[in-house]
Amino acid sequence: MTDPSALLYLLQVANGNFPTGSFSHSYGLETLAQEGRITDARSLADVVHPWLRRAVATSDGAAVALALRATHENDFATLAELDELLTALRLTRETREASIKIGHAFVRAASSAFGWEHISRYARATHEGSCVGHHATAFGVAAADAGVSAQAAVVAFLHSGLYSVVSVAARIVPLGQVDAQRVVAGSRPLIVECTDAALRLGLEDLSVSAAFLDVASMRHEQLYSRLCMS
């Protein structure tokens, strides 16, 4: 069972009210909604489930666990390398900027709220430029400070990411709140599956395979009207 203190930490930082600005990013979903490819809960699930499995779990999800382990080993060289890999895996400008903006906001909030050793050191590293500051890396660093297990950290990160994009899509489509909750509830088995897969990956295994969303992200900045930053 997860330690109550660690659980409370995860409930705080994986909550939509934690100040990261993730609610401003759709990762290309806004493009698909405007094109009529996302119109209801089913079509939304058809998009976000492959995104979670083939893009998030195999890159950011695995990075959370790798960052957590590197932090326990006080290995900031690996954290810097992990950040560089996450930058390289993001083919579009908007998705790169989203990951870094959310990461920097998370670092500022977590280092200020908790004042732990490693997240504070990582904050300095991002400020100095020795680490890029991607959200997944920062999430893993702080999770190590909080005493969270790798499995719990990845579950929380994937659930938070899914909940965030579903909430964004619910505003754009628009989608009823209950329908949005059905998408999240129906994703629980997938989150468990993706967590198991992410925990088995090493640095050399990180990958992203979601070309349809990369294309949508590239077109997003050319939309006539936008509610989201990405």
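Structure shown above.
Here the residue numbers are simple positions, counted from 1 along each chain's written sequence. Side-chain atom pairs in this predicted model are given and counted only at pLDDT of 80 or more, local residue features only at pLDDT of at least 70, and totals for whole chains, interfaces and linings cover all residues. Side-chain metrics in this entry use all non-hydrogen atoms of the structure; hydrogen atoms and water are not considered.

Peer 1: Break down the overall build of the protein chain for me, with residues and values.
Peer 2: Per the convention used, a helix needs a DSSP run of H or I reaching at least four residues, while a strand needs a run of E reaching at least two, with both numbered from the N terminus. A tally of regular secondary structure across the protein chain gives 11 helices and 0 strands. Listing the helices and strands of the protein chain from first to last along the sequence gives α-α-α-α-α-α-α-α-α-α-α. Type-normalised accessible area, obtained with a 1.4 Å probe on protein chains alone, sets the label of each residue: buried when under 20%, exposed when over 50%, and partly exposed for intermediate values. Counting across all 230 residues of the protein chain, residues that qualify as buried make up 55%. What makes two residues a contact is simply this: any of their non-hydrogen atoms within 4.5 Å. Contacts spanning at least 24 positions in sequence make up 82% of the contacts within the protein chain whose residues lie at least 6 apart. Only carbon and sulfur atoms are counted for the fraction: they give 53% of the accessible area of the protein chain, which is about 10600 Å². Accessible areas in this description were obtained via Shrake-Rupley with a 1.4 Å probe; residue shielding takes into account the shown protein chains only.

Peer 1: Tell me what's going on with helix α10 (residues 188–199), and back it up with residues and numbers.
Peer 2: Three or four residues apart is the spacing at which side chains of an α-helix point the same way, because the helix has 3.6 residues per turn. Spanning 12 residues, α10 covers 17 Å between terminal C-alpha atoms, matching the ideal 16 Å at 1.5 Å per step. Where α10 is concerned, the buried positions are Leu-190, Ile-191, Cys-194, Thr-195 and Ala-198. The buried residues of α10 all sit within an arc of 135° when viewed along its axis, so they share a single face. Residues of α10 that are buried sit in contact with α3 (41–72) and α8 (150–172). What a helix should span is 1.5 Å times the count of its residues minus one. The reported arc concerns the directions from the helix axis to the C-beta atoms and nothing else.

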